[in-house]
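Remarks on the overall topology
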Amino acid sequence: SVYTLLAVQAIGSGLVHLPFVLLTPFPQNVPPAIWAGLIYVGIFPACLGYLFFNRALASIKAAHVSLLNTLMPVFILIALPPP
């Protein structure tokens, strides 16, 4: 299923990046709103990008789907709040 593939990709990506997160020192005085924004920007665009990518693989050719991979930065820009 598309959602199973999405979960595998998200968990796999999380496991790959987890050592870097644990080895990086965290700043001490960061407001909770900034942490919430970082988590939102880290999860929302990636999940949408993977979901659309996997749904597209189910219905069109892989060569055409690879073009959708370039949409990840677009989702990041959409998810960012205005300055």
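What counts and how
Residues numbered from 1 in each chain as written. Predicted model: local features only at pLDDT ≥ 70, side-chain atom pairs only at ≥ 80, totals over all residues. Heavy atoms only, no water. Helix = DSSP H or I, 4+ residues; strand = E, 2+ residues; numbered from the N terminus. Rg over C-alpha atoms; globule rule 2.2 N^0.38 Å. Buried < 20%, exposed > 50% of the residue type's maximum accessible area, 1.4 Å probe, protein only. Contact = heavy atoms within 4.5 Å. Axes fitted to C-alpha atoms, helices over the stretch in contact; angles between N-to-C directions. Parallel < 35°, antiparallel > 145°, perpendicular 65-115°, else oblique. Left-handed = near helix turned anticlockwise from the far one by under 90°. Nonpolar A, V, L, I, M, F, W, Y, C, P; charged D, E, K, R; others polar. pLDDT = per-residue confidence, 0-100. Patch = residues over 30% accessible without salt bridge, like charges linked within 9 Å, V, L, I, M, F, W, Y side chains within 5 Å. Areas by Shrake-Rupley, 256 points an atom, 1.4 Å probe, with all protein chains shown as cover. Salt bridge = Lys/Arg side-chain N within 4 Å of Asp/Glu carboxyl O.

Here we come to the overall build of the protein chain. Regarding its fold elements, the protein chain presents four helices and zero strands. For the protein chain, the succession of helices and strands along the chain, N to C, is α-α-α-α. Against the compact-globule benchmark of 12 Å for 83 residues, the protein chain has a radius of gyration of 15 Å, which places it well outside the compact range. C-alpha extents for the protein chain along the principal axes are approximately 50 × 30 × 20 Å. Counting every position in the protein chain, which comprises 83 residues, the buried fraction comes to 13%. Within the protein chain, contacts between residues separated by at least 24 positions form 67% of all contacts whose residues are at least 6 apart in sequence.

What follows concerns the packing of helix α1 (residues 2–23) against helix α2 (residues 32–59). Their axes nearest at 9 Å, the elements α1 and α2 cross at an angle of 135°. In this view, α1 runs oblique relative to α2, as classed from their interaxial angle. Seen from above, α1 lies across α2 with right-handed handedness. Of the residues in α2, those touching α1 at Val-2, Tyr-3, Leu-5, Leu-6 and Gln-9 are Cys-47, Tyr-50, Leu-51, Asn-54 and Arg-55. Split into classes, the residues belonging to the contact of α1 with α2 amount to seven nonpolar, two polar and one charged.

With 95% of its residues at a pLDDT of 70 or more, the protein chain shows a mean pLDDT of 80. By mean pLDDT, helix α4 (residues 72–79) is the weakest element of the protein chain at 74, and α1 is the strongest at 84.

Where nonpolar side chains cluster on the molecular surface, the patch consists of Ile-11, Leu-15, Leu-18, Val-21, Leu-22, Phe-26, Ile-34, Trp-35 and Leu-38 and spans about 900 Å² of accessible area. Taken together, the elements giving at least two residues each to the nonpolar patch come down to α1 and α2. Considering each element in turn, the nonpolar patch owes the most residues, five residues, to α1. Mapped onto the elements of the fold, Val-21 is located in helix α1.

Locating Leu-51 in the fold gives a position in helix α2. Each C-alpha atom, one on Leu-51 and one on Val-2, is 7.1 Å from the other, the two residues being 49 residues apart in sequence. Setting aside anything within four residues of it in sequence, one finds Leu-51 in contact with Val-2, Tyr-3 and Leu-6.

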